[in-house]
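Results of the structural survey
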Amino acid sequence: MAINIVMGLFLLVKKMPTVVTSIVVGGATWLLLEWSIYQNFTHIKWSSIPILTVIILICRALAETINYYDREVYEDKRK
């Protein structure tokens, strides 16, 4: 379910470069995750940065995959 929501967000902003999209969506996902665990943002420290990095890398991979499928796979079906 979460992956479908993230993919829907990527489809909404597919006109933006994938780097910007992955940083925005990854940052928002990270903030929601941190908030859902502690219900505030006072605990965020340098130890949270590896989690942010992993989330942004996953978002970047999803964004690149969606762009690839949009260009290569679905382009043939549109013609």
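Described in the following lines is the structure provided in the data block. What you are looking at is a predicted structure, and each value in this text was computed from that prediction instead of being measured.

Looking only at helices and strands, the protein features three helices and zero strands. Put simply, the protein runs from its N terminus to its C terminus through helices and strands in the order α-α-α. Of the contacts made within the protein by residues no fewer than 6 positions apart, 60% connect residues no fewer than 24 positions apart. Of the roughly 6,000 Å² of accessible surface on the protein, a fraction of 70% belongs to carbon and sulfur atoms.

The volume enclosed by the largest pocket comes to roughly 230 Å³. If you trace the largest pocket, you find 13 residues lining it, with Ala 2, Val 6, Val 25, Thr 29 and Cys 59 closest to the centre. Here the lining of the largest pocket takes five residues from helix H1 (residues 2–12), the largest share from any one element. Here the residues of the lining of the largest pocket are counted per class, giving 12 nonpolar, one polar and no charged.

Since there are 3.6 residues in each turn of an α-helix, residues three or four apart along the chain are aligned in direction. Taking 1.5 Å of rise per residue, the 21 residues of helix H2 (residues 18–38) would be expected to cover 30 Å, and the 30 Å separating its terminal C-alpha atoms lies within 8% of that figure. Turning to H2, its buried residues number three or more, namely Thr 18, Thr 21, Ser 22, Val 25, Gly 26, Gly 27, Trp 30 and Glu 34. At the C-terminal side of H2, Gln 39 shows a positive phi close to 65°.

Moving on to the nonpolar core. Formed by Val 6, Val 25, Trp 30, Ile 55 and Cys 59, the largest nonpolar core amounts to five residues. Secondary-structure elements contributing two or more residues to this core are H2 and helix H3 (49–78).

The subject of this paragraph is the side chain of Ser 22. By the secondary structure assignment, Ser 22 is in helix H2. For Ser 22, a relative accessible area of 2% puts it in the buried group. A distance of 2.9 Å separates a polar atom in the side chain of Ser 22 from the backbone oxygen of Val 19.

A few words now on the pattern of salt bridges. Taken as a whole, this structure holds one salt bridge when the rule is applied. A salt bridge links Glu 64 to Arg 60; the nearest nitrogen and oxygen atoms lie 3.2 Å apart. Of this pair, Glu 64 and Arg 60 both sit in helix H3, separated by four residues, roughly a single helical turn. Residue classification places Glu 64 among the partly exposed residues on the basis of a relative accessible area of 33%.

About the thresholds
- Residues numbered from 1 in each chain as written.
- Predicted model: local features only at pLDDT ≥ 70, side-chain atom pairs only at ≥ 80, totals over all residues.
- Heavy atoms only, no water.
- Helix = DSSP H or I, 4+ residues; strand = E, 2+ residues; numbered from the N terminus.
- Contact = heavy atoms within 4.5 Å.
- Areas by Shrake-Rupley, 256 points an atom, 1.4 Å probe, with all protein chains shown as cover.
- 1 Å grid on protein atoms, 1.4 Å probe; cavity = no way out; pocket = protein on both sides within 12 Å on 5 of 7 lines; lining within 4 Å.
- Points joined across faces, edges and corners; volume = space filled by probe spheres on them.
- Nonpolar A, V, L, I, M, F, W, Y, C, P; charged D, E, K, R; others polar.
- Expected span 1.5 Å × (residues − 1).
- Buried < 20%, exposed > 50% of the residue type's maximum accessible area, 1.4 Å probe, protein only.
- Core = buried A, V, L, I, M, F, W, Y, C linked by side-chain atoms within 4.5 Å.
- Polar contact = N/O pair within 3.5 Å; in protein donor to acceptor, adjacent residues only side chain to side chain.
- Salt bridge = Lys/Arg side-chain N within 4 Å of Asp/Glu carboxyl O.

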